[in-house]
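Summary of the model geometry
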There are 4 protein chains.
Amino acid sequence: MFIKRTDLALEARELWQESAEKTTRLSGVKAAKTKLEGYPLTRVDILDRRGEEALGKPKGSYLTIDLTTFWQRKADFFERAVRAVGSQLKELLPAEGPALVIGLGNAAMTPDAVGPLAVDSILVTRHLIAAMPRQFAGFRPVAVFRTGVLGTTGVESAEAVRGLVAEVRPALVIAVDALASRRVGRVCATVQLSDTGIIPGSGVGNHRAALNRETLGVPVFAVGIPTVVDAATLAADLLEESGITEVDGQRLRHGKQELMVTPRDIDQQVRDLAKVVGYGINWALQDLEIEEMNALLS
Amino acid sequence: MFIKRTDLALEARELWQESAEKTTRLSGVKAAKTKLEGYPLTRVDILDRRGEEALGKPKGSYLTIDLTTFWQRKADFFERAVRAVGSQLKELLPAEGPALVIGLGNAAMTPDAVGPLAVDSILVTRHLIAAMPRQFAGFRPVAVFRTGVLGTTGVESAEAVRGLVAEVRPALVIAVDALASRRVGRVCATVQLSDTGIIPGSGVGNHRAALNRETLGVPVFAVGIPTVVDAATLAADLLEESGITEVDGQRLRHGKQELMVTPRDIDQQVRDLAKVVGYGINWALQDLEIEEMNALLS
Amino acid sequence: MFIKRTDLALEARELWQESAEKTTRLSGVKAAKTKLEGYPLTRVDILDRRGEEALGKPKGSYLTIDLTTFWQRKADFFERAVRAVGSQLKELLPAEGPALVIGLGNAAMTPDAVGPLAVDSILVTRHLIAAMPRQFAGFRPVAVFRTGVLGTTGVESAEAVRGLVAEVRPALVIAVDALASRRVGRVCATVQLSDTGIIPGSGVGNHRAALNRETLGVPVFAVGIPTVVDAATLAADLLEESGITEVDGQRLRHGKQELMVTPRDIDQQVRDLAKVVGYGINWALQDLEIEEMNALLS
Amino acid sequence: MFIKRTDLALEARELWQESAEKTTRLSGVKAAKTKLEGYPLTRVDILDRRGEEALGKPKGSYLTIDLTTFWQRKADFFERAVRAVGSQLKELLPAEGPALVIGLGNAAMTPDAVGPLAVDSILVTRHLIAAMPRQFAGFRPVAVFRTGVLGTTGVESAEAVRGLVAEVRPALVIAVDALASRRVGRVCATVQLSDTGIIPGSGVGNHRAALNRETLGVPVFAVGIPTVVDAATLAADLLEESGITEVDGQRLRHGKQELMVTPRDIDQQVRDLAKVVGYGINWALQDLEIEEMNALLS
């Protein structure tokens, strides 16, 4: 069977509903739609083993903020997006304790650079609090780590993060990564938050060891932005829409060469959304206005 | 009618042959295949107006070196590729006079970074020859220019290059750019050389003013590497192979959002091929061994 | 005689006053001190040939804003610095016409990277106004150019800029560069504005062809930030303070190796001040609040 | 008392010999000079507690290769430098076992970028050996880590490395860093190897927790290149040469602002020497010719 690739719980649910079994009721999964700061928000909760099996994702909450209108750049689009991401993330996170923010992915390759770019906008405070505890009393300790990629480090991201967690002893880990979406319209137009951890490199198709509570010993929250569509998934959708349902997945995968579909002007889009994510994380972790982040990160 | 997008003369010829008129003979175009340093070489010559109209490209010579086997990394694969590119380019170029090498495209976006990356491997000698004419007597004067992209400069590449040509007064311009191929198999596996100039940004779908003898007043040679396939072209090919010939181009283009298909691990491939191109240009312009280039560019 | 090196008119005047001739009156030079947005401002006007000879700088106005207190990061330090730089620059500039902003220097070398970094914060509008004249009616056309350095381009900055000016036809050029100061205390704590053009690379000791009205045909305004002190100048000052006035300049210059003195933590300082300069130029050219620049440059 | 700053054992010995106690014999320290691949080599062995106290450095071997003539770029200068560094390092290292190579310092600041730049030339093999043990049977497992700097990570380099060592379990660590020299002539003209570990950031004056066998549990070898001279040390030497021995250290240190002296054209020099170090480490760890490294790192 040809497996359509997506990292969004929202789309996993869509795929389930499109499948032959759609006559059955999808049990173990709860979904709800609302709006936040002018942006549509979908919450999918996977409640139990049946939900996990149906959607192929671990139990937990998945929040998807639809930033399609972000690109119309209407009033306060940036601030609203930051507050939307920040307030939802804040609800997921433990209220206290030091945080470690991980930028997964390859800074040198735009569709995979969301993680390292977001980390550039994180307010790093751990060392300041250690050195000047009184002056920085109002801040939560935050450290960051850019894992780089296996090919240039020789070390799995999960290994490196586990080593760092053992030293830094954070109360929580937030991991930022690029994702794969099934739909072109969601690329660079969606942020997914979850409390389930993450498998690095999903977005660019190199599945690696997971970062989650089991592997790291602390809760792991994931912030992901879809930047690519798997070319074979897109083609299969296209053929199905044209009435061809017998899709030869092997041929769509073009042998071993993995292909991805991405917008031509992805560069600026990834940069802008990485800043939304970085500021959103600051919003969730620190008691700061966006203006103050601008000043501190200038 | 849906237009399939390609920057390769080789593929323009293929598309013509696949079209309804394939019963007719393609006049005004000459093609020949051979091998060079172990790599297949196709030469397409567009001879006259009829050839120009059939293939949609200006009159001149188009040499395509097939580097598919480069990635098997067999004996001397790099040196052989450099010599293949360099020797073919040398045949196209005037034997003497100063050269200006232009790196077109966006250094910050991998599939568009071939130009600026290739320029990093060019031996820049113009200022050295001016300062120490005796010591550098054996070298041909070479200057380089990275145009950047319109969005970050406000200036069209062609404008900026024309201004520079008026000052530097080269005998020839070599422009390096990323291209679009029609076939996934040719992405990061092909180098196209031509003596016809270039329209910057073809590869990433932003057509700009041409760089050619008409606009610059000196002969312009192009070196291009396909790094992307237009998503709609790929989809149309796929649908046709599945027996659907009535393709709705509008839908394939997904509204205004331009999409491209690119290999997931494009980063290293672009870097390696940009070096082949840079060294190939050095080979064509200077009387140097690859070893000597390594030492001078270390 | 040992020549103390400085690019600041302010310091050239100090050096003149310290010299043996200080009994004479310095004619042809006018100086005045005031305060602007909380930052001290010194204006030196070189009025005629005598002033030019005394200070070794061309006739014109030199405004030096002392940003020492910027680093205390008190209320609105960034906004006040932008307004101080912007409003003074605005007074120097023609009120209308397209502008070309040049980032001189080496982006890869921190003390020389002020120019390219400042250009990253410039609002580039020329192409937008050309494409959408109605939507961007309220903006002044601005293009930018990063010259790179001779060693990696083979082309003098002045040549490349002259070529670009002939194409872009701006009403004015603003050139941003790193400077050399005589005093450690002024490094990364001063901005000098002038209406006299600039000689690129002064700050790092590689004197090049000038960018000014004579060479470019349009008025050239310079914005400079001292990032280094010439090591020999610093040593000579130090020896003089210790009572040694017979300084052997040859020995201080350590043969041919040029040395510079720079703060250890120069990286962030250069980045912050380059943003002040970029925003200050936007302030002088466009009718925008700092908040609006943040949004447009996000 | 004013302390002259150096990270070179060679210079620590010089300073001791210049000091008032030079009448005493320096016990606990052994020194020897020789030549290697055309480059002068000095070996200083600190043998015991007395040697440690006299030179202010831990017990162990310090090898200094003088690369002054490297810059004359005579026959095989690069290869000879690689072999000189590589063969000396090989003698210090355990003959077997996986290695972890650490690039200390700030990639964004040239004089501090030796570590991250050297790591770019390291052959990373650990993941390849794990994935394809037969094909890579001839290689020694090597992983690398770029620590970044405290201000942008919030984590001390030593903490992060300790965490990684616990996961990767290398048999040895090699740490590459920029150093401070006392003499301008040694800047970018010297490589120091030692088997004693390293205190990161010495070169740029930010002393941090040590990387050594005590803190990491495995032997730590250091490779350092002086890229700066402490400005106050240079000034003190200069004043002493001028006959002024009562140096007011407080004034030389210019209050809190730390200054460094560095060559104006440091950018290329640091790049070239980082490559020598990277290749030298490959030479010590793998059984490869320089040509083969070029091919594998292309």
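Residues numbered from 1 in each chain as written. Chains lettered and ligands numbered in written order. Predicted model: local features only at pLDDT ≥ 70, side-chain atom pairs only at ≥ 80, totals over all residues. Heavy atoms only, no water.

Quick look at the overall build of chain A
Looking only at helices and strands, one finds 12 helices and nine strands in chain A. Taking 2.2 N^0.38 as the reference for a compact globule, 298 residues should give roughly 19 Å; the C-alpha atoms of chain A span a radius of gyration of 19 Å, in line with that estimate. Dimensions along the principal axes, computed over C-alpha positions, put chain A at roughly 65 × 45 × 40 Å. By residue count, 60% of the 298 residues in chain A fall in the buried class. Carbon and sulfur atoms make up 51% of the accessible area of chain A, which totals about 12,000 Å². Distance from the positive charge centre (35 side chains) to the negative charge centre (37 side chains) of chain A: 2 Å. (Helix = DSSP H or I, 4+ residues; strand = E, 2+ residues; numbered from the N terminus. Rg over C-alpha atoms; globule rule 2.2 N^0.38 Å. Buried < 20%, exposed > 50% of the residue type's maximum accessible area, 1.4 Å probe, protein only. Areas by Shrake-Rupley, 256 points an atom, 1.4 Å probe, with all protein chains shown as cover. Lys, Arg positive; Asp, Glu negative; His and termini not counted. Charge placed at Lys NZ, Arg CZ, Asp CG, Glu CD.)

Quick notes on helix H9 (residues 231-241) of chain C
Of all 11 residues that make up H9 of chain C, nine are buried, and the element is covered over most of its length. Of the residues making up H9 of chain C, those classed as buried are Ala231, Ala232, Thr233, Leu234, Ala235, Ala236, Asp237, Leu238 and Leu239 of chain C.

Digging into helix H12 (residues 290-297) of chain C
The α-helix winds at 3.6 residues per turn, so residues separated by three or four positions along the chain end up facing the same way. The complete set of buried residues in H12 of chain C reads Ile290, Met293 and Asn294 of chain C. Buried residues of H12 of chain C, seen end-on, are gathered within an arc of 105° and therefore sit on one face of the element. Elements that come into contact with the buried residues of H12 of chain C comprise helix H12 (290-297) of chain A together with helix H3 (77-92) and helix H11 (266-285) of chain C. (Arc of directions from axis to C-beta. Contact = heavy atoms within 4.5 Å.)

Some remarks on unusual backbone geometry
Here aspartate 76 of chain A, not a glycine, exhibits a phi torsion of approximately 55°, which is positive. Positionally, aspartate 76 of chain A belongs in the loop between strand E3 (60-66) and helix H3 (77-92).

Considering the nonpolar core
Membership of the largest hydrophobic core comes to 123 residues, with the highest contact counts inside it found for Val101, Ile174 and Ile281 of chain A together with Val101, Ile174 and Ile281 of chain B. Other than its neighbours up to four places away in sequence, isoleucine 174 of chain A contacts Leu89, Leu93, Leu100, Val101, Ile102, Phe221, Val223, Ile281 and Leu285 of chain A. With 122 residues, the next largest nonpolar core counts Leu193 of chain C together with Ala84, Val142 and Val261 of chain D among its residues. (Core = buried A, V, L, I, M, F, W, Y, C linked by side-chain atoms within 4.5 Å.)

Observations concerning a negative patch on the surface
Together, Asp287, Glu289, Glu291 and Glu292 of chain A together with Asp287, Glu289, Glu291 and Glu292 of chain C make up a region of like negative charge exposed at the surface. Along the chain, glutamate 292 of chain C falls in helix H12. According to the relative accessible area criterion, glutamate 292 of chain C is partly exposed, its value standing at 37%. (Patch = residues over 30% accessible without salt bridge, like charges linked within 9 Å, V, L, I, M, F, W, Y side chains within 5 Å. Salt bridge = Lys/Arg side-chain N within 4 Å of Asp/Glu carboxyl O.)

Concerning the environment of alanine 130 of chain A
Residue and element names in this part refer to chain A. Within the secondary structure, alanine 130 sits in helix H5 (residues 126-131). Using a relative accessible area of 66% as the deciding quantity, one classes alanine 130 as exposed. Spatially, the C-alpha atoms of alanine 130 and proline 141 are 8.7 Å apart, while their sequence positions differ by 11 residues.

Brief notes about the pattern of salt bridges
Residues and elements named next belong to chain A. Applying the stated criterion across every chain yields a total of 56 salt bridges over all chains. Between arginine 146 and aspartate 120 there is a salt bridge, with its nearest N and O atoms 3.1 Å apart. Of this pair, arginine 146 sits in strand E5 (residues 142-148) while aspartate 120 sits in the loop between helix H4 (114-119) and H5, and the two are 26 residues apart along the sequence.

Let's talk about the packing of H3 of chain A against helix H11 (residues 266-285) of chain A
Residues and elements named next belong to chain A. Relative to each other, H3 and H11 sit at 50°, their axes nearing to 7 Å. Considering their axes alone, H3 and H11 lie oblique with respect to each other. In the crossing of H3 with H11, the sense of the turn from one axis to the other is right-handed. Taking contact as the criterion, the partners of Phe78, Ala81, Val82, Arg83, Val85, Gly86, Ser87, Leu89 and Lys90 in H3 are, on H11, Lys275, Val276, Tyr279, Gly280, Ile281, Trp283 and Ala284. Here the residues of the contact of H3 with H11 are counted per class, giving 10 nonpolar, three polar and three charged. (Axes fitted to C-alpha atoms, helices over the stretch in contact; angles between N-to-C directions. Parallel < 35°, antiparallel > 145°, perpendicular 65-115°, else oblique. Left-handed = near helix turned anticlockwise from the far one by under 90°. Nonpolar A, V, L, I, M, F, W, Y, C, P; charged D, E, K, R; others polar.)

A word on the packing of helix H11 (residues 266-285) of chain B against helix H12 (residues 290-297) of chain B
All names here are of chain B. Across the interface, H11 lies against H12 with an axial gap of 11 Å and an inter-helix angle of 110°. The angle between H11 and H12 falls in the class roughly perpendicular. On the side of H11, the interface is formed by Lys275, Tyr279, Asn282 and Trp283, while H12 contributes Ile290, Met293, Asn294 and Leu297. Here the contact of H11 with H12 is built from residues that sort into five nonpolar, two polar and one charged.

Quick word on the confidence of the model for chain A
In this model, chain A carries an average pLDDT of 90, and 91% of its residues clear a pLDDT of 70 or more. Quick note on the complex model: pTM equals 0.86, ipTM equals 0.91. (pLDDT = per-residue confidence, 0-100.)

Here we look at the pairing of strand E9 (residues 259-263) of chain A
A regular strand places its side chains so that they alternate between the two faces of the sheet. Across the five residues that make up E9 of chain A, a large majority, five, are buried. Burial along E9 of chain A is two-sided: the residues Leu259, Val261 and Pro263 of chain A and Met260 and Thr262 of chain A are all buried. Sheet topology note: the strand E8 (residues 220-230) of chain A/E9 of chain A ladder contains two bridges and is antiparallel. By the bridge assignment for E9 of chain A, aspartate 230 of chain A is matched with methionine 260 of chain A. For E9 of chain A and strand E9 (residues 259-263) of chain B, the ladder comprises five bridges, and the chain directions are antiparallel. Across the sheet, threonine 262 of chain A pairs through a bridge with methionine 260 of chain B, a residue of E9 of chain B. (Pairing = 2+ DSSP bridges.)

Examining the environment of proline 40 of chain B
Residues and elements named next belong to chain B. Mapped onto the secondary structure, proline 40 falls in strand E2 (residues 39-46). A relative accessible area of 32% places proline 40 in the partly exposed class. Distance in space between the C-alpha atoms of proline 40 and threonine 233 is 25 Å, their sequence separation being 193 residues. Among residues more than four places away in sequence, those in contact with proline 40 are Thr34, Lys35, Thr64, Ile65 and Asp66.

What about the side chain of threonine 64 of chain B?
Mapped onto the secondary structure, threonine 64 of chain B falls in strand E3 (residues 60-66). When near neighbours in sequence (up to four residues on either side) are disregarded, threonine 64 of chain B contacts Leu10, Pro40, Leu41, Thr42, Thr190, Val191 and Gln192 of chain B.

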